[in-house]
Amino acid sequence: MPGITLGDTVPNLEVETTHGKFKLHDYFADSWTVLFSHPGDFTPVCTTELGAMAKYAHEFDKRGVKLLGLSCDDVQSHKDWIKDIEAFTHGSKVKYPIIADPNKEIIPQLNMIDPIENGPSRALHIVGPDSKIKLSFLYPSTTGRNMDEVLRALDSLLMASKHNNKIATPVNWKPDEPVVISPSVSDEEAKKMFPQGFKTADLPSKKGYLRHTEVS
């Protein structure tokens, strides 16, 4: 994809939101953030997604992670749309801010463009406290997000960061399951870093590169 991508710093734009004006880096500071975009207000899939974000807000709160929405309409339109979102998602309140982008100037700067539709997309960036993009999802207009996968991916990033990116999470990983040790870590280093021990898979190649360990 063109534009900012994994490892790049999100531009420090001043944005107008349903919670007032602020600069992005000020919002990202000292926490992880899930930044998610939508092509426009009062659209069906997006209504379900913003409702799901509100419903899952307690899960993000538990992890100390902020939410930040973005849609290509003005603040008043967002506030009117929130009434529909909350009515559809019973018992959930939209407490996170939603950025206004009525002129579609912010969306391209955040690389949240759908190359098929050639316009605003339903994209999602997970941004670290350093304002850098750690993970991105780009969904076509026909496919809604899977919130459990967003949480799973976030948990993976948080776990890897906690261990200085010396571990990675294998396929279908979930919290409390074993992780794998990075190939950059030698066995001797691994013994010091993971005193709980690790298991090396016995593979036909006899190369000891697949090592699992338990971490918390």
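Each value, and the rule that gives it
- Residues numbered from 1 in each chain as written.
- Predicted model: local features only at pLDDT ≥ 70, side-chain atom pairs only at ≥ 80, totals over all residues.
- Heavy atoms only, no water.
- 1 Å grid on protein atoms, 1.4 Å probe; cavity = no way out; pocket = protein on both sides within 12 Å on 5 of 7 lines; lining within 4 Å.
- Points joined across faces, edges and corners; volume = space filled by probe spheres on them.
- Helix = DSSP H or I, 4+ residues; strand = E, 2+ residues; numbered from the N terminus.
- Nonpolar A, V, L, I, M, F, W, Y, C, P; charged D, E, K, R; others polar.
- Phe/Tyr/Trp six-rings, centres within 6.5 Å; stacked < 30°, edge-to-face > 60°.
- Buried < 20%, exposed > 50% of the residue type's maximum accessible area, 1.4 Å probe, protein only.
- Lys NZ or Arg CZ within 6 Å of the ring centre and 35° of its normal.

## Things to note about the layout of surface pockets
- Considered as a void within the structure, the largest pocket measures approximately 180 Å³ in volume.
- A54, A57, H58, F60, D61, V65, K66, L67, S92, K93, K95 and Y96 together form the lining of the largest pocket.
- Secondary-structure elements contributing two or more residues to the lining of the largest pocket are helix 3 (57-62) and strand 4 (65-71).
- Its residues assigned to classes, the lining of the largest pocket shows 6 nonpolar, 2 polar and 4 charged.

## A look at the packing of aromatic side chains
- Tallied over the full model, the rule gives 4 aromatic pairs.
- Arranged with centres 5.4 Å apart and planes meeting at 75°, the rings of F36 and Y96 form a pair that is edge-to-face. In this pair, F36 is assigned in strand 3 (residues 32-38) and Y96 in the loop between helix 4 (75-88) and strand 5 (98-100), connecting sequence segments 60 residues apart. Summarising the burial analysis for this pair, F36 and Y96 share the class buried.
- Each ring, one from F42 and one from W81, has its centre 6.4 Å from the other, and the planes form 45°; the classification is tilted. Taken together, the positions of F42 in the loop between strand 3 and helix 2 (44-55) and W81 in helix 4 put the pair 39 residues apart, joining distant regions of the chain.
- Overall, F42 belongs to the partly exposed group, its relative accessible area being 46%.
- The exposure class assigned to W81 is buried, which follows from its relative accessible area of 0%.
- The ring of Y27 is capped by K66, whose NZ or CZ atom sits 4.8 Å from the centre of that ring.

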